[in-house]
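Now for the letters of each chain:
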Number of protein chains: 2
Amino acid sequence: MRGEGSAVSGAPGAAELRELLSEARGIVRQTRALIEAALKEGFSHRSKADGSFVTDVDIAVEEKARTLLASRFPAHRIIGEELSDTGSGQALTWVIDPIDGTKSFRHGVPLYGTLLALLHGEDPVLGIIDLPGLDRTYSAARGLGTRCNDEDLKLEDLGADEALEKEIIGIGDRQQFVSAGRANVFDALMEAHPAVRTYTDCFGHALALEGSVGAMVDFDLRLWDTMASKVLMEEAGGRYVSFQRAGEGLRDRRFDVVLGKPRVVEWVLDRITGQAEA
Amino acid sequence: MRGEGSAVSGAPGAAELRELLSEARGIVRQTRALIEAALKEGFSHRSKADGSFVTDVDIAVEEKARTLLASRFPAHRIIGEELSDTGSGQALTWVIDPIDGTKSFRHGVPLYGTLLALLHGEDPVLGIIDLPGLDRTYSAARGLGTRCNDEDLKLEDLGADEALEKEIIGIGDRQQFVSAGRANVFDALMEAHPAVRTYTDCFGHALALEGSVGAMVDFDLRLWDTMASKVLMEEAGGRYVSFQRAGEGLRDRRFDVVLGKPRVVEWVLDRITGQAEA
């Protein structure tokens, strides 16, 4: 529990959020340009301690976003996937995933993206998913709605007369569920529904915003993988459910999330709770 | 066995194939325009007898391709997914899948495509995968190589020092393996490798051509789902392995295919043959 002295000050209002969103979209336009240049010119990669990959481009994009954020918002804290945190104890924290889906990016699968979120305390109030490979930018701020590029995006729930098995369900890599000790959830969903597809990373989250998948089921996420999606999905009118797992600080937590059309999310949750932990 | 009287006449030579490929690419430009118009204007869909969907657009695209092919090549046979065969006993047969990935298309997932192949007898000598949602057209003809848009495409095998587990493996929907009586193959591959992803339909085949996935494993296919991929993959320098299952005519056959980098295809085949039929 925070003491009174460090209580989070008031959340930004609509006018401030509109300004913050405009700035954030401008930053993402610049990071996208970096990514597009790297795809033309080539880039190198190396393995990280956890066995995953990082490329030159992940680092360059995070550095670019940090530089732009720090110059515009020097008082805000910044957490990013690849580099050390700056600032602390601030009311407002930017969270950056420079390339979500590095495995896809490295292999030339165009289904990766850049994620940017702004937290007030621990609550995301602004979120962006930018998908350079599909030329789509999803953006939202609390109370201001969700947009894809410049179009308003509203998610319709599955109708009571619509068959759940005609939907597509998005899901992360099985390996994420293995890491979370819940491979049985992955296997059970695959058996329970005829079209459970590994639309991994932010691409799957974007499909859930569009209603292209009825729900996205993504386990063992880090903060930067999912904060943008919470505000994007809630502002689009959909449901976002997250099970947090222990971690001392924000960097260390793990999130198991289900997001999408409320009826489909409910169906998924019923199947998850039916599965004992492996 | 065919009698001598109906023997397949000589395969088209390089000059004729070049001409046929140019015509086929022109046809696919026109079908893509139809698809793009439909995405703007909206379309309706209905269920087919097998429980899958067909949209107005599937029908309109196949009709357009058939009309163009019949006017240009009146002596050729035409087989398509949605409409009745025309011609018979011809040496050359066009095979059309107007929208491969109708489920994706209907749900707004941009990973569907139009497939066109030309068979000489039963051997594909020309193939096109057109992906309107990604603005990519893969084309090949026997002896002429494979291209993505206007760039030559050559697939490099996985190096002997490169780790197989760093590759991505593409796979069809689990339901296809259930239909083929081989759900155990799907489940075994998912367990055996950390990144087996359901990049379904021609999108997965295109990723295999690019080397973005090391191999694509796609079961229970029909003729029109896979003939283009055979010539595209072989001309790109990769390996294409197909297990045919019974069917009286070409329309009725089922194909279980694995295609991609030779070393990765070999790895997949080892796992498949290790699995008894369920």
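**Considerations on the environment of Lys-103 of chain A**
Here's step 1: Tracing the backbone through its elements, the reader meets Lys-103 of chain A in helix H3 (residues 102–107).
Here's step 2: Spatially, the C-alpha atoms of Lys-103 of chain A and Asp-201 of chain A are 9.8 Å apart, while their sequence positions differ by 98 residues.
Here's step 3: If we skip the residues at most four places from it in the chain, Lys-103 of chain A touches Glu-165, Lys-166, Glu-167, Ile-168, Ala-195 and Arg-197 of chain B.

**Remarks on the relation of the copies chain B and chain A**
Here's step 1: Of the two same-sequence chains, chain B is brought onto chain A (RMSD 0.0 Å, axial shift 0.0 Å) by a rotation of 180 degrees. As the rotation angle and translation indicate, the two copies are arranged about a two-fold axis. By C-alpha distance to the rotation axis, the residue of chain B lying nearest is Thr-198 of chain B, at 2.7 Å.
Here's step 2: Here 100% of the interface residues in chain B have copies in chain A that are interface residues too; the copies meet face to matching face.

**A short note on helix H5 (residues 183–192) of chain A**
Here's step 1: Summarising burial for H5 of chain A: seven of the 10 residues are buried, a large majority.
Here's step 2: All of the buried residues along H5 of chain A are Ala-183, Asn-184, Val-185, Phe-186, Ala-188, Leu-189 and Met-190 of chain A.

**Remarks on the nonpolar core**
Here's step 1: The biggest cluster of nonpolar side chains holds 78 residues, and the ones touching the most others in it are Tyr-138 and Leu-223 of chain A together with Tyr-138 and Leu-223 of chain B.
Here's step 2: With eight residues, helix H7 (residues 223–236) of chain B is the largest single contributor of residues to this core.
Here's step 3: Here Leu-223 of chain A is in contact with Ile-79, Val-95, Leu-119, Leu-250 and Phe-255 of chain A, once residues within four sequence places are set aside.
Here's step 4: Of all hydrophobic cores here, the second largest spans 44 residues; its members include Ile-272 of chain A together with Leu-158, Phe-177 and Phe-219 of chain B.

**Digging into the state of the cysteines**
All names here are of chain B.
Here's step 1: Using the criterion set out here, one finds zero disulfides over all chains in the structure.
Here's step 2: Lacking any disulfide linkage, Cys-148 is separated from the closest cysteine sulfur, that of Cys-202, by 13 Å.
Here's step 3: On the basis of relative accessibility, which here comes to 13%, the residue Cys-148 falls in the buried class.
Here's step 4: According to the relative accessible area criterion, Cys-202 is buried, its value standing at 2%.

**Considering the packing of aromatic side chains**
Residue and element names in this part refer to chain A.
Here's step 1: In this structure the tally under the stated criterion is 12 aromatic pairs over all chains.
Here's step 2: On the basis of an interplanar angle of 20 degrees and a centroid distance of 4.7 Å, the ring pair of Phe-43 and Phe-105 is categorised as stacked. Taken together, the residues span a long stretch of sequence, with Phe-43 in the loop between helix H1 (14–41) and strand S1 (45–47) and Phe-105 in helix H3 at a distance of 62 residues.

Definitions and limits used
- Residues numbered from 1 in each chain as written.
- Chains lettered and ligands numbered in written order.
- Predicted model: local features only at pLDDT ≥ 70, side-chain atom pairs only at ≥ 80, totals over all residues.
- Heavy atoms only, no water.
- Helix = DSSP H or I, 4+ residues; strand = E, 2+ residues; numbered from the N terminus.
- Contact = heavy atoms within 4.5 Å.
- Least-squares fit on C-alpha atoms with pLDDT ≥ 70 in both.
- Buried < 20%, exposed > 50% of the residue type's maximum accessible area, 1.4 Å probe, protein only.
- Core = buried A, V, L, I, M, F, W, Y, C linked by side-chain atoms within 4.5 Å.
- Disulfide = S-S within 2.5 Å.
- Phe/Tyr/Trp six-rings, centres within 6.5 Å; stacked < 30°, edge-to-face > 60°.

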